[in-house]
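Breakdown of the fold
The primary structure of each chain is shown beneath.
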Amino acid sequence: MKRMVVTTVLFLAACVLGAGFSPAQAQVKEYRIPVLADFSGPFADVMKAWNPPRMAILKWWSDTEGKKLGVNLVPKTYDTRYDATVVASLWPGIVADLNPIMALGVGGADVAALQQRLPKDKVPVIYGTASYGFGWLPNQWVFNPRATYAQEMLTALVLYINQHPEKRPVRVGIMSAQTSPAFVDLVNGFTNYIKTVLEPKGLATVVATEWIEVQPVDVSAQMKKLIDAKTDIMSGIGTTTMAGAAIRAMQLHGVNIPTIAAPHHTIWPLAQAMKSYAPWEGHMVVAGHVSMTEKDSKAYKFYQLLQKNYGLEGDWNPISFLGLCQGILAVRAVEHAAKKVGGAKLTGQAVYDALSSGTFTEDELMGLMPTLRFTKDAPFPVQDAMVKIETVKDGKYQLAAPGWQKIPADIVKW
Amino acid sequence: MTFPGGVHAETYQQDRALIRTPWQWLWFAGLIAVLLLLPFLGANSAVGIATVIGITLIAVLGLQLTSGCAGQINMGQSAFMGVGAYAAGALATNLHWSFLLTIPIGGISAAVFGAVFGLAALRIKGFYLALTTIAAQYIFTFAMLKLPKKWFGQSEGLRLDPAALGSFAFDTDNRIYYLVLAVVALMTYGAWGLMRSRTGRAFIAVRDNDNAAEVIGINVFYYKTLSFFIGAFYAGIAGALWAYYVRYVQADQFTLWLSVWYVGMLIVGGMGSILGAIIGTVVIRLMQELITVVGPMVADVLPTLGGQFVFAAMNMLLGGLIILFVIFEPRGLVHRWNILKESYRIWPFPH
C-alpha cells in the first residue's frame, strides 16, 4: 500500500512538473525562413539598412506572439547577388532542406526565377517594396505590401493637381529609362492613367517623355526639352543616380521642376549627400508606409523597441522601412495562419491563404503601413490602398498632406 | 597527347576515337553513372545546382567556339541567350509548339541574331568587336520591350507551361535536370566534334592569324560569321532551356554581367579548349554556390561579424581566387589538368 501511495505521488509530481516546466518550450515549433539578400550585387549598398529590420522583426515576433502560438521563426540568410541564376540554382535546395512556410525576397531577380514554381512548391514569398503592373495578376504566390509604383506616384500627382488648381491642366513631364521592364512599366502605368482619366477631365496632360540611362551622368539635354515643354511637374525617376543627375541638370538650367518619386530614390538619400533639403523644395516622394517625419508615431516607438531589445542597428529611414514593412507583413501572415490552423500545423499553403485574402490592420502592422486588404485578384493591396506623401517646404522635410492618402480607385491595370 | 606505354592507334578510327583506353572508358562510365544517379545520390540542392551549371555550360561552350577557338571576342553571349529564350517562349506560349521544336528554333533565332554581329568581325577585331557585341546587349533589351506585346510580353515578360512530351511534363527539378543533361551531352559532343573537324581547324587558323589563314585559302569572312552563328546557337539553346526551367522570361534576366561571367569562366577554364569551358564553368559555378552556402554558415557561427561583412568577404574571396587563377595559370585550369595527366602517365620518368 505504502509503495502504491509513493508511486502515485511520484507519478502525480512528475505530471505536475511536466506540466509546469517549460510547457511553451515543449510546444514551440521551429520554422526556418529563407531570407534572400543581396550583399554583393546591385543592392549591396542598401542591404545594410534593409536586412536588419526584417531579421529583428522575426526575432521580436517569435519572442512575443510566436511564443503564445507555439511558433519560432528562425531566419536563414542567402546572398543571391540579385542574380536570377543563383536564385534558380539555390531554390530547390532551400525547399528540400528547410521545407519553408514562406520566404522573404529582395526583388525582380527572385520573382523571375521563382514565381512560376512557387504554387507547386507551396511557398509564398514576401517582398518589401512597391509592386509593378506586370505583377498585377490573380493567384500569385509573390506578395508585396504596397501597390504599384505607378499607383503611388499617381496619388501624389492628384494631390499636386488639387493643391494647384491654377495650373490645370497640369503639364506632366516624364524622365525615365527604357532599358528595364520595371521603368517601362512605371511610365506605362503613369501615362495610361493621365491619358485615359485625368486628361479628359482637363486635370493633367503629358507634355514630354524623355528617356535616359538607368545610371546617367548628365541629363541636361533631356531636361532642356522638359523645360521647353513648360513642364509643371515630372515623374519616372527610379534610381538615386537619375535623381542626382536630374537635380544637377535643373540647377544648370536655373529651374526647379518638382519631381514625384519613391522616398528611397530622391529627396532623403540625396539630401544626405548634399547636406541640405533646400534643393528639393516642392518636390514630392510617396510610398505606402509611414513617413520618416513621424517620430511620435506607434511605428517609431516600435522601431525604438527593436533597437533597444532586439539589437536593431541603423537609422529610421526609407531604406529601413522596406525591411520593416516586409518583416511585419510576414510575421502577421504567419500569425493569421497559426491562429487558423494551429502553430504546430503551419504550412506554406496556410500562410498563402492568410495572405491572399487577408486583412491586416494598421494596428497589427504597428502603424508602419495602413490597413492592407489582399484579394486573389492581385498580389498586393488594391482595395483602399493608401500612401503617405512627403515634400520639402521652407527647407524642411515634412508631410505634403496630413495622414494617409487614398490611392485613386479608378486606376485600372494597364 | 601522351598515352600510357603500349597504347597505339592501329587504325584511323582508333586514332580519331575520343575515348581510347579501358581506364578512360571506366572513368567515362563512372561520370555518366554519377550524373544519371545524381538526383538519387545527393540532396535536392545538388540537382538545382547541376541544372544551372548545365544550362550555363551550353552558353559557355558556345562562347568557347566563338572566342576561344575562332578568336572573336564576344561580350553579348547573354543577349544571344535571351533571344533564344524569347523565341522559344513566344512559340511555346502563342502557338503551343512542343519543346522539341521550340528549343532548336530558339537556337537558330539566336544564331541569326549573333551572325549579324559576326558580320562586323570582318572589319574590326579586339576591343572594337567587343564593343559591337556589347551593343547586342542593349539592342536585345530595347527590342524585347518594344516588340509586340502579344508575342513577346514587353515589360510583362512571358510565362511558360512546363516542357511536355504528351502527358509527361518536365515539371519537377529531377525531370528538368534530365532534360538539361541530355541536351548538355548532345551539345558537348557537338562542340568536341566541331573542333576536330575542318571547320574547327579553320576557326583555329583564323584565331591564330587571319591574314595567314586567308593566304592558305580559308574564307575568313565565312568562318568568322560562322563562329558567331554557332556560338550564338549554343547560347540560344541555353536560353530556351532556361526559359523552360524557370518558366518565365524577361529581358532583365539576360544582363551584360552574365556575359562577363561567361568570359571569366572561359579564362579560368582555359581558352580554346572544350574541356577548359567545362572545367571553368563547373569550377566558377561551384565556387559561387560554395560561398552562397558557406556564407550563412559563417554568419550563424560568428553572428558578431554580421551578414553584411561575411557575404561581402565571401565575394571578395571569390574575386581573389579568380585573380590568383589568372596570375598563376593564365592558360587556364585545363592546362594544369593536362600537365597533371601527362605527369601521371609517364611517372616515374620526368620527361
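Residues numbered from 1 in each chain as written. Chains lettered and ligands numbered in written order. Predicted model: local features only at pLDDT ≥ 70, side-chain atom pairs only at ≥ 80, totals over all residues.

As a further point, take the overall build of chain A. Of the regular secondary structure elements, chain A holds 15 helices and 15 strands. Rg of the C-alpha trace for chain A: 24 Å, near the compact-globule value of 22 Å for 414 residues, within the 12% margin. Structurally, chain A occupies a C-alpha span of about 105 × 40 × 40 Å along its principal axes. Expressed as a percentage of its 414 residues, the buried residues of chain A come to 55%. Looking at chain A alone, contacts between residues at least 24 apart form 70% of all its contacts between residues at least 6 apart. (Helix = DSSP H or I, 4+ residues; strand = E, 2+ residues; numbered from the N terminus. Rg over C-alpha atoms; globule rule 2.2 N^0.38 Å. Buried ≥ 20, exposed ≤ 12 C-beta atoms within 10 Å, placed from the backbone. Contact = placed C-beta atoms within 7 Å.)

Turning next to the packing of helix 4 (residues 77–94) of chain B against helix 6 (residues 127–146) of chain B. Residues and elements named next belong to chain B. Between helix 4 and helix 6, the shortest axis-to-axis distance is 8 Å and the interhelical angle comes to 25 degrees. As far as their axial angle goes, helix 6 and helix 4 are roughly parallel. In the packing of helix 4 onto helix 6, the handedness of the crossing is left-handed. Mapping the contact onto sequence places Ser-78, Ala-79, Gly-82, Val-83 and Tyr-86 in helix 4 and Ala-136, Gln-137, Phe-140 and Met-144 in helix 6. Partitioning the contact of helix 4 with helix 6 into residue classes produces 6 nonpolar, 3 polar and no charged. (Axes fitted to C-alpha atoms, helices over the stretch in contact; angles between N-to-C directions. Parallel < 35°, antiparallel > 145°, perpendicular 65-115°, else oblique. Left-handed = near helix turned anticlockwise from the far one by under 90°. Nonpolar A, V, L, I, M, F, W, Y, C, P; charged D, E, K, R; others polar.)

All names here are of chain B. It is at 7 Å that the axes of helix 3 (residues 44–69) and helix 11 (residues 220–246) come closest, and there the two elements cross at 170 degrees. Classified by the angle their axes make, helix 3 and helix 11 are roughly antiparallel. When its residues are assigned to classes, the contact of helix 3 with helix 11 shows 17 nonpolar, 5 polar and no charged.

Moving on, we come to the pairing of strand 2 (residues 71–79) of chain A. Residues and elements named next belong to chain A. Across the 9 residues that make up strand 2, a large majority, 7, are buried. Looking at chain direction, strand 1 (residues 29–37) and strand 2 are connected through 9 bridges and run parallel. Paired with Leu-36 across the two strands is Tyr-78, which belongs to strand 2. (Pairing = 2+ DSSP bridges.)

Take unusual backbone geometry next. All names here are of chain A. Cis geometry marks the peptide bond from Arg-168 to Pro-169, where omega comes out at -10 degrees. Checked against the element boundaries, Pro-169 lands in the loop between helix 8 (149–163) and strand 6 (170–176). Not every positive phi belongs to a glycine, and Arg-81 is a case in point at roughly 55 degrees. Locating Arg-81 in the fold gives a position in the loop between strand 2 and helix 5 (84–98). With 25 C-beta atoms packed within 10 Å, Arg-81 lands in the buried category. With a phi angle near 55 degrees, Asp-394 is a residue other than glycine that sits in the positive phi range. Summarising the element assignment, Asp-394 is placed in the loop between strand 13 (386–393) and strand 14 (396–399). Taking the C-beta count within 10 Å as the criterion, Asp-394 has 8 such neighbours and is therefore assigned exposed.

Another aspect to go through is the nonpolar core. Formed by 239 residues in total, the largest nonpolar core has its most connected members in A:Leu157, A:Ala246, A:Val334, A:Val351 and B:Tyr234. If you count residues domain by domain, this core takes at least three from each of domain 1 (28–147 + 294–383) and domain 2 (149–287 + 388–406) of chain A. Those residues within four positions of A:Val334 in sequence are excluded, and the remaining contacts are A:Val71, A:Leu73, A:Met102, A:Leu346 and A:Val351. (Core = buried A, V, L, I, M, F, W, Y, C linked by C-beta atoms within 7 Å. Domains from an automatic or database assignment.)

Turning to the confidence of the model for chain A, a few remarks are in order. Mean pLDDT over chain A stands at 91; residues scoring 70 or higher make up 94%. Under a pLDDT of 50 for its full length, residues 16–25 of chain A has, in the predicted model, 1 contact with residues more than four places off or in other chains. (pLDDT = per-residue confidence, 0-100.)

Between chain A and chain B, the residue contacts involve 35 residues of the former and 37 residues of the latter. At the level of secondary structure, the elements contributing two or more residues to the side of chain A that touches chain B comprise helix 3 (44–63), strand 2, helix 5, helix 6 (108–114) and helix 9 (181–198) of chain A. With 12 residues, the top contributor of residues to the side of chain A that touches chain B is helix 5 of chain A. Grouping the amino acids of the side of chain A that touches chain B by side-chain chemistry returns 17 nonpolar, 13 polar and 5 charged.

Take the domain arrangement of chain A next. All names here are of chain A. The domain boundaries assigned to chain A delineate domain 1 (28–147 + 294–383) and domain 2 (149–287 + 388–406). Spacing between the C-alpha centres of domain 1 and domain 2 amounts to 29 Å. Counting residues at the interface gives 12 residues for domain 1 and 15 residues for domain 2. Sorting elements by how many residues they give to the side of domain 1 that touches domain 2 places helix 14 (residues 318–341) first, with 3 residues. Of the residues contributing to the side of domain 1 that touches domain 2, the split by class is 8 nonpolar, 3 polar and 1 charged.

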